[in-house]
Amino acid sequence: MRRFISIAVVAMMVMALVIAGCAKKEEPKTTLKVGVAGPHSGDLASYGIPTVRAAELVVEKINAAGGVLGRPVELLVEDDVCKPEVATNTATKLVSDGAVVVVGHVCSGATKAALGIYKDAGIIVMSPSATNPGLTQSGDYPNFYRTIASDDTQAKLGAEFTVGTLGAKKIAVLHDKGDYGKGYAEFAKKYLEAMKGEGVEVVLFEGITPGAVDYSAIVQKVGQSGAEAVVYGGYHPEASKIVTQMKKKKMDVFFVSDDGVKDVTFIKVAGAFADGVYASGPMDVSDLPLYQEAVEAHKAKYGEDPGAFFKEGYAATLALLNAIEKAGSTEYTAIEKALRTEFVDTSVGPISFNEHGDAIGVGFSMYKVVNGAYVEQK
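Residues numbered from 1 in each chain as written. Predicted model: local features only at pLDDT ≥ 70, side-chain atom pairs only at ≥ 80, totals over all residues. Heavy atoms only, no water.

## Side note on the sheet that holds strand 13 (residues 359-360)
And then number 1: Taken in spatial order, the three strands line up as 11-12-13 in an open sheet, and their pairing is antiparallel. If you trace the sheet from one side to the other, it starts and ends with strand 11 (344-346) and strand 13, each paired once.
And then number 2: Direction of pairing for strand 12 (residues 349-353) relative to strand 13: antiparallel, over a ladder of two bridges. Paired with Phe353 across the two strands is Ala359, which belongs to strand 13. (Pairing = 2+ DSSP bridges. Helix = DSSP H or I, 4+ residues; strand = E, 2+ residues; numbered from the N terminus.)

What follows is the structure, given as structure tokens:
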């Protein structure tokens, strides 16, 4: 009898120890999933990859400090190749995979195509580079935010710089027919035409076909128009070809463009022909400690300087994760309130967002290619 009692006692003690051990064992915490969407392959990958790297660096830093709301952050990275028809599939996948917020997309056309899907799913999206004004100003996408100023701002800068600083009066305005490029060009045309009383004339306004091998026909039209400057809305693959063909024809014409051209890839492709080209881009913030920290972290991990829109991608990731932490929730309205009421220190400076989703505290500068590098024009 005693033997049976002893066995029972031992069994109970073992069971108690097992239960105690299970109680101490922590369940793995579910990750907080953040989508990162943009062109990660193809001609415009140089615009998308820097944002992926920016997000990786921010998440590594935040996870090392304990994560967000006590949860580790996980990145879901999807390639949209900067194409609207691909971006819809990218957005659908990020939604189905459980992204609570999305950093991206990068190109305006792809962003516009994807936003409705995120809107229906109640997901906030923040782009480092989609500058088409209607994305925020139309009111169609209340779930959209950006850490860069809009095209109407940089188009005005480009128009005023072309006339006021470069002294051009006869101007050809070209674009790539896309949401981004055409939008920029239309605003530039509007601002140039407003200077008609100063003798300014838009002598040509025309779209080109993206991806074409030869742009000699449009280059010839520019020459025949008597233009003293070309204002171009679009991306670097087409711009590099147009500039190269203009320079080869010895055309003495200024070339002024947007942040779709202010990229080292443009300089690499155009080579020596890139010198003298002007392009607008986000203001230089290299004196900011957080920017310097981000750049050094990029160099340490990837062995090179960051590319276009890196600091805006870094800022977007920081702003979204900060908003979730401040909100104490991943719920849409709580994140939205935090974004619009809380300033956060970022790699582009301290920012908050207005009622449209545009960042408060950012702007554009004009840059010139000098000896193979973009230099900010003061």
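Back to the text.
## As for the state of the cysteines
And then number 1: Per the stated rule, a full pass over the model turns up one disulfide.
And then number 2: Here Cys82 connects covalently by a disulfide to Cys107, the sulfurs 1.7 Å from one another. Taking the sign of the S-S torsion, -120 degrees for the link of Cys82 and Cys107, the bridge is left-handed. Of the two residues, Cys82 is situated in the loop between strand 2 (73-79) and helix 3 (84-96) and Cys107 in the loop between strand 3 (101-103) and helix 4 (108-121); the sequence distance between them amounts to 25 residues. Each member of the pair Cys82 and Cys107 is classed as buried. (Disulfide = S-S within 2.5 Å. Buried < 20%, exposed > 50% of the residue type's maximum accessible area, 1.4 Å probe, protein only.)

## A short note on helix 13 (residues 332-341)
It helps to recall that an α-helix has 3.6 residues per turn; residues three or four apart then point in one direction.
And then number 1: Along helix 13, the residues classified as buried are Ile335, Glu336, Ala338 and Leu339. Looking down the long axis of helix 13, one finds its buried residues gathered within 165 degrees of arc, a one-sided arrangement. In helix 13, the exposed residues that point more than 90 degrees away from the buried face are Lys337 and Thr341.
And then number 2: The inward-facing, buried residues of helix 13 contact strand 3, strand 4 (124-127), strand 5 (144-146), helix 12 (310-327) and strand 12. (Arc of directions from axis to C-beta. Contact = heavy atoms within 4.5 Å.)

## Overview of the packing of aromatic side chains
And then number 1: The final tally for this structure, using the stated rule, is eight aromatic pairs.
And then number 2: With a centroid separation of 5.5 Å and an interplanar angle of 90 degrees, the aromatic rings of Tyr145 and Phe353 are classed as edge-to-face. Of this pair, Tyr145 sits in strand 5 while Phe353 sits in strand 12; the two residues are 208 residues apart in sequence, bridging distant segments of the chain. Exposure class is identical for Tyr145 and Phe353. Each is buried.
And then number 3: Members of the aromatic cluster, connected to one another through ring pairs, are Tyr47, Tyr180, Tyr235 and Phe309.
And then number 4: The lysine or arginine in question, Arg53, covers the ring of Tyr302, its NZ or CZ lying 4.4 Å from the ring centre. (Phe/Tyr/Trp six-rings, centres within 6.5 Å; stacked < 30°, edge-to-face > 60°. Lys NZ or Arg CZ within 6 Å of the ring centre and 35° of its normal.)

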